[in-house]
Amino acid sequence: MDTAQQLKQALQLHQTGQLAEAAGLYNQILQAEPENVDALNLLGSILLMAGQIEAAIDLTQKAVDLDPGYFAPYVNLGNALQAAERLEEAADALAKALDINPGSAAAAANLASVLNGLGRYQAAAAAAWDALALEPDFAEALNNLGNALMGLGKGKEALDNYRLAAAINP
């Protein structure tokens, strides 16, 4: 089986929740091709889910370094950095992801979450609104908007957004 076939199989396993099996295939790919950006990025996302935050950061950072124009590793790097409470770096990675792909509601919502963590509520609200412009029923973005509005002292508007988020994703 060639690398493309292994990657396709690993991705199918990954998407169906068979993470240990997918990780094994990603590792096999990386033994043969240590600079395979897709395998680095996807294995990094699995490691993040497994709580291996520093390993996830290392792999996704390597993917970013190898292909700085590739959107997905920036998102995974941003998420891993946020999990490590390295919020400034997470915000930078997610902003870069949005520079590459401004049409990603998920990246905008993740950026809103990080900005809320930094206390930058106005910027967080703007990022959440960007996400909602792309995907109006995005519960995470509504929740992040609520958090930003709470930080801005707008409790009633925040509560409205929390209610909408809960109605979409109870």
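To be clear, the structure that these remarks concern was listed above.
Figured I'd write up the structure that's included with this text. Counting of residues starts from 1 at the beginning of each chain's written sequence and follows it residue by residue. Given that this is a predicted model, residues contribute local features only at a pLDDT of at least 70 and side-chain atom pairs are listed and counted only at 80 or more, while totals for whole chains, interfaces and linings are drawn from all residues. The side-chain numbers reported here are obtained from all heavy atoms of the structure, hydrogens and water having been left aside.

1. So, the side chain of Asn41
- The way it works is that DSSP assigns letters per residue, a run of H or I at least four long becomes a helix, a run of E at least two long becomes a strand, and they are numbered from the N terminus. Tracing the sequence through the fold places Asn41 in helix α3 (residues 37-49).
- Overall, Asn41 belongs to the buried group, its relative accessible area being 2%.
- If we ignore the near neighbours within four places in the chain, the residues touching Asn41 are Thr60, Ala63, Ala72, Pro73 and Asn76. The buried label applies to any residue whose accessible area, calculated with a 1.4 Å probe on protein chains only, is under 20% of its type's maximum; exposed applies above 50%, and partly exposed to all values in between. Residue contacts follow a heavy-atom distance rule, with two residues in contact if any of their heavy atoms lie within 4.5 Å.

2. Focus on unusual backbone geometry
- You will see that Glu85, though not glycine, has its phi angle at about 65 degrees, which is positive.
- Inspection of the secondary structure assignment puts Glu85 in the loop between α5 (71-83) and α6 (87-100).
- Classification of Glu85 by relative accessible area gives exposed; the value is 69%.

3. Digging into the environment of Asp38
- Mapping Asp38 onto the fold places it in helix α3.
- Residues Asp38 and Leu11 lie 27 residues apart in sequence; the distance between their C-alpha atoms is 9.7 Å.

4. Structural notes on the packing of helix α1 (residues 3-15) against helix α2 (residues 19-32)
- Two numbers describe how α1 lies on α2: the axes approach to 8 Å, and their chain directions differ by 160 degrees. By the angle between their axes, α1 is roughly antiparallel relative to α2. The chirality of how α1 crosses α2 is left-handed. Between α1 and α2, the contacting residues are Thr3, Gln6, Leu7, Gln9, Ala10, Leu11, Leu13 and His14 on the first element and Leu19, Glu21, Ala22, Leu25, Tyr26, Gln28 and Ile29 on the second.
- Residues are grouped as follows: Ala, Val, Leu, Ile, Met, Phe, Trp, Tyr, Cys and Pro are nonpolar; Asp, Glu, Lys and Arg are charged; all remaining types, including Gly, are polar. When its residues are assigned to classes, the contact of α1 with α2 shows 9 nonpolar, 5 polar and 1 charged. Axes here mean lines fitted to C-alpha atoms, for a helix over just the part in contact, with angles spanning 0 to 180 degrees between N-to-C directions. Orientation labels follow simple angle bins: below 35 degrees gives roughly parallel, above 145 gives roughly antiparallel, 65 to 115 gives roughly perpendicular, and whatever is left gives oblique. Crossing handedness: left-handed means the near helix sits turned counterclockwise from the far one by under a right angle, and right-handed means the same turn made clockwise.

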